Structure formats: structure tokens, C-alpha cells
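Listed below are the residues making up each chain.
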Amino acid sequence: MTTRHDLPEIDDFTRPYWDAAAEGRLLLRRCADCGRAHHYPREFCPYCWAGEERVVWEPASGRATLYTWSVIHRNDLPPFGERVPYAAAVVDLAEGPRMMTEVVECGAADLRIGMPLRVAFREGGPGAAVVPVFRPDHR
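Residues numbered from 1 in each chain as written. Predicted model: local features only at pLDDT ≥ 70, side-chain atom pairs only at ≥ 80, totals over all residues. Heavy atoms only, no water.

**Student:** So what's going on with the overall build of the protein chain? Which residues, and what values?
**Tutor:** Secondary structure assignment for the protein chain yields one helix and eight strands. Reading the protein chain from its N end, one meets helices and strands in the order α-β-β-β-β-β-β-β-β. Its C-alpha radius of gyration of 16 Å places the protein chain within 12% of the 14 Å reference for a compact globule of 139 residues. Classification of the 139 residues of the protein chain by burial places 38% in the buried group. Of the contacts made within the protein chain by residues no fewer than 6 positions apart, 52% connect residues no fewer than 24 positions apart. Within the structure as shown, the protein chain displays about 8200 Å² of accessible surface, and the carbon and sulfur contribution to it stands at 51%. Here the protein chain carries 17 positive and 20 negative side-chain charges, and the mean point of each set is 6 Å from the other. (Helix = DSSP H or I, 4+ residues; strand = E, 2+ residues; numbered from the N terminus. Rg over C-alpha atoms; globule rule 2.2 N^0.38 Å. Buried < 20%, exposed > 50% of the residue type's maximum accessible area, 1.4 Å probe, protein only. Contact = heavy atoms within 4.5 Å. Areas by Shrake-Rupley, 256 points an atom, 1.4 Å probe, with all protein chains shown as cover. Lys, Arg positive; Asp, Glu negative; His and termini not counted. Charge placed at Lys NZ, Arg CZ, Asp CG, Glu CD.)

If you want it as C-alpha cells, here you go:
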């Protein structure tokens with residue numbers, strides 16, 4: 001069996017995030033003390049260091065804007081080699097945090113800083129995590 005390098009290791013803490021993704025929902029963590037949302041999910045607030053009892057999961061809108069990207073033309077790790085070229089990206093979520101992701105359903109020549117994006121979800125295969133990606137939001 002080939003090792004997959006595109007799928008996360010799910011643990012008890014991150015399970016709510018991955019379960020929501022499987023249902024087509026994106027979650028963030030928000031601190032009740034300072035009010036700031038963050039991503040990637042952490043048990044504490046990375047801004048004010050509030051503990052896990054003060055940081056909760058909340059639904060994200062799924063809206064984002066493209067901050068930056070790089071088009072990957074070669075990647076030898078499975079299954080990325082089958083996807084090249086692809087756009088590895090950083091997006092600004094509407095709620096404030098930045099998120100590393102991939103932009104799909106958009107040619108490299110059409111990518112623009114600040115372009116509106118909407119979350120989509122890539123199936124990982126039987127028994128594998130569903131991963132959030134982003135595509136152009138044409139509204």
C-alpha cells in the first residue's frame with residue numbers, strides 16, 4: 001500500500017473539524033477571552049494564550065480571498081504527482097485567519113490576489129478524511 005501524503009492524521013482534538021468537513025462544513029476555533037478566531041485548530045488561543053476551556057469550535061462562512069499562491073509543477077509524493085500542476089495557496093478567511101489550502105477549478109493564469117473564493121471539499125477516498133479546498137466564488 002502506498003503512503004498518502006495528502007491526508008491528515010485525525011486525533012481526538014481535531015475530530016470535530018474533520019467530521020464537519022465530511023459534512024461539507026468548515027470550522028474555526030474562536031477565543032472567548034480575546035474574541036479572535038484562528039486556524040489551524042489549536043487547543044489554546046495563539047493570541048492571548050487562553051486555555052482550551054475558553055476556545056470553542058464555530059462554523060466558518062466558507063468565504064475567503066486569495067492572499068498568495070504557488071503553482072506546483074512537480075511533486076513526487078503520492079498522490080500529488082497525479083494532480084500536477086496544482087495551486088498551493090494561502091487564503092484570508094472572511095473571519096480573519098489565514099489558511100493554507102489548494103485552489104481548484106481555476107487555471108493558473110486566472111488566479112489573482114484578492115479574488116473571492118468559496119470553500120469546497122475534496123473526498124479522500126474510502127475511510128479517509130475529507131479536506132477543505134477553495135474554488136472561485138463567481139457571485
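**Student:** Before we move on, can you summarise the layout of surface pockets with the specific residues and values?
**Tutor:** Each pocket or cavity is described by its volume, and for the largest pocket that value is around 750 Å³. Within the residue set of the lining of the largest pocket, elements represented by two or more residues are helix H1 (15-22), strand S5 (86-93), strand S6 (98-103) and strand S8 (131-136). Per element, the largest residue contribution to the lining of the largest pocket is five residues, and it comes from S6. The residue makeup of the lining of the largest pocket, split by class, is 16 nonpolar, four polar and eight charged. (1 Å grid on protein atoms, 1.4 Å probe; cavity = no way out; pocket = protein on both sides within 12 Å on 5 of 7 lines; lining within 4 Å. Points joined across faces, edges and corners; volume = space filled by probe spheres on them. Nonpolar A, V, L, I, M, F, W, Y, C, P; charged D, E, K, R; others polar.)

**Student:** With reference to specific residues and values, describe the side chain of Thr101.
**Tutor:** When you line up the elements, Thr101 lands in strand S6. Among the residues examined, Thr101 registers a relative accessible area of 13% and is labelled buried. Here Pro132 takes part through its backbone oxygen, which lies 3.4 Å from a polar atom of the side chain of Thr101. (Polar contact = N/O pair within 3.5 Å; in protein donor to acceptor, adjacent residues only side chain to side chain.)

**Student:** So what's going on with the pattern of salt bridges? Residues and values would help.
**Tutor:** Scanning the model with the defined rule gives eight salt bridges in all. Across the pair Glu102 and Arg122 runs a salt bridge whose closest N-O atoms are separated by 3.0 Å. Of this pair, Glu102 sits in strand S6 while Arg122 sits in strand S7 (residues 116-122); the two residues are 20 residues apart in sequence, bridging distant segments of the chain. According to the relative accessible area criterion, Arg122 is partly exposed, its value standing at 22%. (Salt bridge = Lys/Arg side-chain N within 4 Å of Asp/Glu carboxyl O.)

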